[in-house]
Structures are given as structure tokens and as C-alpha cells.
Amino acid sequence: MINYIKKTYKGNKSSFFKVIENNLLNDNKMFIVTANPETFMKADAISEFDKALINPKTTIVPDGIGVVKAANYIGISEIKERITGVDISYKLLELANKHKKTVYLFGASKKVIELTVKSINKEYPDVKILGYSDGYIENKDDLFEEIKNLSPDIVLVALGVPKQELLIYKHYDEFLKGIFVGVGGTFDVISGTTKRAPEIVQKLNIEWLYRIAGDKERIKRFYNSNIKFVFKLRKLAKEEK
């Protein structure tokens, strides 16, 4: 698990966005995993997900403040701030609009994906959406074959962790170009069906608390990921010394 943290992007949001823009303009492929403690816990338990994260072609960014704090705990001060899937998605759409790039959207429900497309068409009129599909289709591998033939500049996949990452990883080498990101619940935010936490909550790095408040299922998930992550990290850090 410590290897995941050591591999996580070292820098701030601004410098990472420059990396994204450079890759987008030069047709350099990129697979971005937006990681929180739950991501790392799942990768630690699922061998194929572990392979995906450790692969040199994969770029891990700290979506959760828990990853930033974990990095600082083991002495990696260069991991400075959260770089969330929502922020990356909006930045990619902004860049696609600026540079007239193409996008494919995959995931979420039929209603959410259609509202997402509508929102993007309104807010980013120069983005060309080559296609989209909800996440409930049966053969996702066939869909990725279709996406490959369309050759979009950006592919956003919202199937939840680790389904989205495993699907991208499985097909990534088949593509000649494209920036691929597993974006979780981002389409819910872009579509307006879910409100993001207020800006002050984001700046205080307690967006996680905003999300889980009053939600028993989320609280359970938080315990099974974040709390257990802390204990496991401490144990591993002691073993490394």
C-alpha cells in the first residue's frame, strides 16, 4: 500500500493541470486514477487492481485528503493537495472547449448521462462529444471497442471504483491516444443531480464529512476504508523502519 502512496503524483493541482494540457495537445496517452484511502484498500485486496495502480503507465493523483496526510506521515511532503476527479473533469472540459477536442462519456444512469451531455453542450459549446452511454449496458468491452474506433481525445468513465479503472486498464493499450479518467460520481455533479459541497468545505478538506453526514451506508464505507487504512498504514510504516 505504501508503494501506491510513493507513486502518487508529487506536486500541486496547478502543475498537474499543465501536465494534462501538454499531453492533450500532443496526443500523449494518459490513464489517471483519482485515489482516496478506499481506492488503495481495494487495490490492496484485488490483484488486478493492484497491477493497474503499480503499472508505470498509470498516474495516481490524491483525490482524498487522507492520501495527502498519509504521504506526509511517511515523509513525502511533495504531495501537497487534493486533485479531485471532479476538478480534473472540469479542467479537461475547459481544455477541450479551448482547443476544440473530442470527448466520450461512459457511466452513470441514463438520466444522469443525458443531463451531463446537455450541461456540457451548454457550458462548453466547442467540445465535440463523439458519443456517450450509461453504465448499465451489458457488454462494456464491446463499447470500449466502439470508443477505440472513434478515437476521442478524452474518455471519462463513471462506473465507480474499481470497475472504471479495471475497464480502462484492460483496454488502455489498444488506444493510440486519449486521456482516460475514472471519475466516479462526477457526472452527478456536472448534470446538477447532486450538489457538490460548498467551496469553504472543499477548502477545509472536509468534503468527505459533508458527503457521509447522515448516510449510514457511507459511514460504514468510511470506516471500512479510511479508518482501517490509517491502522494499516501505521503498521506498514513501522515495518519499513
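These notes cover the structure that comes with them.

Some points on the nonpolar core
In terms of nonpolar packing, the biggest core is built from 36 residues, with I5, F40, L53, F106, F144, F180 and F229 touching the most fellow members. If you tally residues by element for this core, the top one is helix α5 (residues 65–73), at 5 residues. The residues contacting F40, other than those within four sequence positions of it, are M1, Y4, I5, T8, A35, L53, I60, V67 and F229. Judged by nonpolar contacts, the second largest core, of 32 residues, contains V103, I120, I179 and V181.

Brief notes about the side chain of N23
Within the secondary structure, N23 is located in helix α2 (residues 13–25). Among all residues touching N23, those that are not within four sequence positions of it are N28, M30 and I179.

Considering unusual backbone geometry
In this structure, P162 follows V161 across a cis peptide bond, with omega equal to 5 degrees. As for its placement among the helices and strands, P162 is situated in the loop between β5 (154–158) and α9 (163–171). Here D27, not a glycine, exhibits a phi torsion of approximately 55 degrees, which is positive. You can see D27 is positioned in the loop between α2 and β1 (30–35).

A look at the sheet that holds β5
On the basis of which strands lie adjacent, the open sheet formed by 6 strands has the order β2-β1-β6-β5-β3-β4 and parallel pairing. Each end of this open sheet is capped by a strand with a single partner; those strands are β2 (58–62) and β4 (128–133). On average, each strand axis in the sheet is tilted by 20 degrees relative to the strand beside it, whichever way the strands run. Bridging between β1 and strand β6 (residues 179–182) involves 4 bridges; their strand directions are parallel. Residue F31 lies in a different strand from β6, and its bridge partner there is F180. Running over the sheet, helix α8 (residues 140–150) touches β3 (102–107), β4, β5 and β6 and is turned about 175 degrees from β3.

How each quantity is defined
Each chain has its residues counted from 1, following the order in which its sequence is written. Totals for whole chains, interfaces and linings use all residues, but because this is a predicted model, local features are given only for residues with pLDDT of at least 70 and pairs of side-chain atoms are given and counted only at 80 or more. Values shown for side chains rest on all heavy atoms present in the structure; no hydrogens or waters enter the calculation. Buried residues of nine kinds, namely Ala, Val, Leu, Ile, Met, Phe, Trp, Tyr and Cys, make up a nonpolar core once their side-chain atoms join them within 4.5 Å. Three exposure classes are used, based on accessible area relative to the maximum for each residue type with a 1.4 Å probe and protein chains only: buried under 20%, partly exposed in between, and exposed over 50%. Runs of E in the DSSP output that reach at least two residues are strands. Runs of H or I that reach at least four are helices, and both are numbered from the N terminus. Whether two residues are in contact is decided by their heavy atoms, any of which lying within 4.5 Å being enough. Strand pairing is assigned whenever DSSP detects at least two bridges linking the two strands. Fitted lines through C-alpha atoms give the axes, limited to the stretch in contact for helices. The angle between two N-to-C directions lies from 0 to 180 degrees.

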